Amino acid sequence: MKFLNIPKKSLGQNFLIDKNIINKIIKIGNISKNKTVMEIGAGYGNLTQGIISMKPKTIYAIEKDKKLSLFLKKKFKDAENIKIINKDFLNLIKENFIDSNVIVFGNLPYNISTQILASLIMLKKWPPWYDVLILMFQKEVADRIIAKTRTKEFGRLSVLSNWRLEVQKHFDISKNCFYPKPKINSTLLSFKPKKINLLNLKNPHNLEKITRILFSNRRKMINKNFNKLFNKNKTVIKNLNIDLSKRPEELSNETFYKIAREYEKLFG
Ligand code: SAH
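Computed from a predicted model, the values in this text were never measured in an experiment.

What counts and how
What you see as residue numbers is a count from 1 along each chain, following the sequence as written. Local features in this predicted model are restricted to residues of pLDDT 70 or higher, and side-chain atom pairs are both shown and tallied only at a pLDDT of 80 or more, whereas totals for entire chains, interfaces and linings draw on every residue. Each side-chain value is worked out from all heavy atoms of the structure, with water and hydrogens disregarded. The axes used here are C-alpha line fits, helices contributing only the stretch in contact, and every angle between their N-to-C directions lies in the interval 0 to 180 degrees. Counting from the N terminus, the helices are DSSP H or I runs at least four residues long and the strands are E runs at least two residues long. An angle counts as roughly parallel when it lies under 35 degrees, as roughly antiparallel when it exceeds 145, as roughly perpendicular when it falls between 65 and 115, and as oblique in every other case. Any pair of residues with heavy atoms lying within 4.5 Å of one another is described as a contacting pair. Note on residue classes: Ala, Val, Leu, Ile, Met, Phe, Trp, Tyr, Cys and Pro are nonpolar, Asp, Glu, Lys and Arg are charged, and everything else, Gly too, is polar. The rule for a residue being near a molecule or strand is that one of its heavy atoms must lie within 4 Å of it. In protein, a polar contact means a hydrogen-donor-capable atom and an acceptor-capable atom, both N or O and within 3.5 Å, with residues adjacent in sequence counting only if both atoms are side-chain atoms; elsewhere, any N or O pair within 3.5 Å suffices. The protein chains shown are the only cover counted for residues, whose accessible areas, like all others here, come from Shrake-Rupley with a 1.4 Å probe. The split into domains, and so the bounds of each, comes from an automatic or database assignment of domains. Buried area adds together the accessible area that both of two parts lose upon being put together, with accessible area traced by a 1.4 Å probe. For salt bridges, the criterion is a side-chain nitrogen of Lys or Arg within 4 Å of an Asp or Glu carboxyl oxygen.

Packing of helix α7 (residues 156-164) against helix α11 (residues 253-267) leaves a shortest axis separation of 10 Å and a crossing angle of 80°. With respect to α11, the axis of α7 lies roughly perpendicular. Where α7 approaches α11, its residues S158, V159, N162 and W163 are matched on the opposing element by N253, F256 and Y257. Tallied by class, the residues present in the contact of α7 with α11 amount to four nonpolar, three polar and no charged.

Shown next, in the form of structure tokens:
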């Protein structure tokens, strides 16, 4: 395989070059003919090629790098069902996406992978425009996403992801499957939107805020940070029946969602 340029570190360009892994990832998408697929960061189109071979209705290939997007346009000029979009995904997601039931793939640029995931969780409209996300992360990041309470990996990422998404781990991918070879291995996860969310919030950013503040001091009791959020409001502490001498990683996902709800009741 030939490369046009020196891969850009700033855009997290590590291209997947292992055919076997590409096929395994595509399979997880269960792509059928009437489906719409989106790929975040299509690069040289290695994964895109595999998606095209499944013949979905439409493919949106998002690529921020201008040169690569032109390369993709040339490479796939005969495929009628593909739209190559030369945009930053983090901007694109702010626009109203017109399609629904989309299957999303992404071998995400490492430097913004958690930001991309957060933006897909924080959408106003829920259930969202996608049916499933099949995303690759650095292994350490994936471990934090799937972490359970009372482990050292448990944190904001796990709380936010599990709030609205059903998360599944598929497999690890060796760093040798990429060019240029990154320093660490990767993990493939998939996410399905929870349709019924009993702990709904008017403004998802409240959950972002309370997890940010409560996890700002992982080793300490939540006491101080909790009071910072609620100005020592006794009713809230009673409503939540919460032990303020616990450390944030000892709280369950549900407790965080309930705290966010109380916060929302008071401060909107
Ligand atoms: N999917 C390809 C490329 C993965 S590398 C493969 O598996 O080989 C990540 C790709 O995301 C790069 O092509 C990079 O240019 C692109 N990218 C980086 N930041 C982006 C952003 N904000 N929006 C869209 N694409 C981005």
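Don't stop here, the text continues.
Neighbouring the ligand are 20 residues, the closest being Q13, G41, E63, D88 and N107. Backbone polar atom of K64 to a nitrogen atom of the ligand: 3.3 Å apart, as the coordinates give it. In the model, an oxygen atom of the ligand is placed 2.8 Å from a nitrogen or oxygen of the N107 side chain. Protein contact buries 99% of the 570 Å² of open area that the ligand shows by itself. For the shell around the ligand, the per-class residue count stands at eight nonpolar, six polar and six charged.

A word on the domain arrangement of the protein. As far as domains go, the protein holds domain 1 (9-193) and domain 2 (205-267). The distance between the C-alpha centroids of domain 1 and domain 2 comes to 32 Å. Each side of the interface is counted separately: domain 1 has 13 residues, and domain 2 has 16 residues. Both faces considered, domain 1 and domain 2 share a buried interface measuring about 1300 Å² in area, 59% of it formed by carbon and sulfur atoms. Considering only the surface of domain 1 that becomes buried against domain 2, F154, R156 and V159 emerge as the three largest contributors, covering 43% of it. Applying the counting criterion to the domain 1 and domain 2 interface returns zero salt bridges. Summed over the shared surface of domain 1 and domain 2, the number is nine residue pairs in polar contact (both at pLDDT 80 or more). Within the side of domain 1 that touches domain 2, the residues separate by chemical class into five nonpolar, five polar and three charged.

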